[in-house]
Amino acid sequence: MAKGGRPKKKLQVPSARVAEQKRTGNPSSLLPSSSSSDERICWRFTHLDREGPWGLAPLDHEKIQALIVDMVKFENQTIHELFHQGEWPGKCHDVAQLPNRVALDRLTELGLPDMTKIWKLRIGGPGRLWGFLVGHVFHIIWWDPGHEVWPSKLKNT
């Protein structure tokens with residue numbers, strides 16, 4: 001008996017017929033474009049700075065949707081295409097060279113003071129997505145719509 005004197009419900013197992021109708025096997029043969037997934041960027045949100053000035057909390061639904069649309073576009077590109085073709089769309093910086101003291105302090109508060117490289121992706125005009133790149137996985141730290149983490153010396157960039 002379950003708590004409260006009720007009888008336990010029996011777990012319903014799908015019939016063998018239902019299981020036979022499902023396709024199983026290698027995901028790369030079942031998911032379009034998955035065969036090259038280990039070459040293209042993918043996203044992790046585990047280290048997203050939820051308390052700092054560059055989190056996602058201030059964004060409304062429309063702005064979050066627009067950001068996701070741009071991130072999906074990047075998923076079609078390899079790490080080489082994104083970060084090793086010059087400045088855009090992505091670039092790597094030395095963390096020690098970050099000109100914004102608030103950004104450096106936030107990394108310490110997030111428990112990431114020993115990171116040596118930080119990566120950015122340009123989205124739109126001044127918008128930048130900041131994070132750490134491990135293999136093909138971009139660990140998102142900040143969304144910087146105002147280009148404040150690493151301000152440009154050039155106007156409107």
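Just above, that's the structure.
Residues numbered from 1 in each chain as written. Predicted model: local features only at pLDDT ≥ 70, side-chain atom pairs only at ≥ 80, totals over all residues. Heavy atoms only, no water.

## Some details on the pattern of salt bridges
Two side chains bearing opposite charge may form a pair once their charged atoms approach each other closely. The tally for this structure, following the rule as stated, stands at five salt bridges. The shortest N-O distance in the salt bridge between Lys-73 and Asp-70 comes to 3.7 Å. Remark: Asp-70 and Lys-73 occur in helix α3 (residues 61–74); sequence separation between them is three residues, near one turn of the helix. Lys-73 gets classed as exposed once you look at its relative accessible area, which sits at 53%. The closest approach of N and O atoms between Asp-94 and Lys-117, which form a salt bridge, is 2.4 Å. (Salt bridge = Lys/Arg side-chain N within 4 Å of Asp/Glu carboxyl O. Helix = DSSP H or I, 4+ residues; strand = E, 2+ residues; numbered from the N terminus. Buried < 20%, exposed > 50% of the residue type's maximum accessible area, 1.4 Å probe, protein only.)

## Structural notes on the sheet that holds strand β1 (residues 42–44)
Within the open sheet, the five strands sit side by side as β1-β5-β4-β3-β2. Their pairing is mixed. Both outer strands of the open sheet, β1 and β2 (90–94), are each paired with one neighbouring strand and no more. Pairs of neighbouring strands in the sheet enclose a mean axial angle of 40 degrees, with direction left out of account. Where strand β4 (residues 127–134) lies against strand β5 (residues 137–144), seven bridges are found, and the strand directions are antiparallel. Residue pairing for β5: Leu-129 is matched across the bridge by Trp-143. Most of the contacts of α3 go to strand β3 (residues 117–123), to which it runs at about 110 degrees, and overall it touches β1, β3, β4 and β5. (Pairing = 2+ DSSP bridges. Axes fitted to C-alpha atoms, helices over the stretch in contact; angles between N-to-C directions. Contact = heavy atoms within 4.5 Å.)

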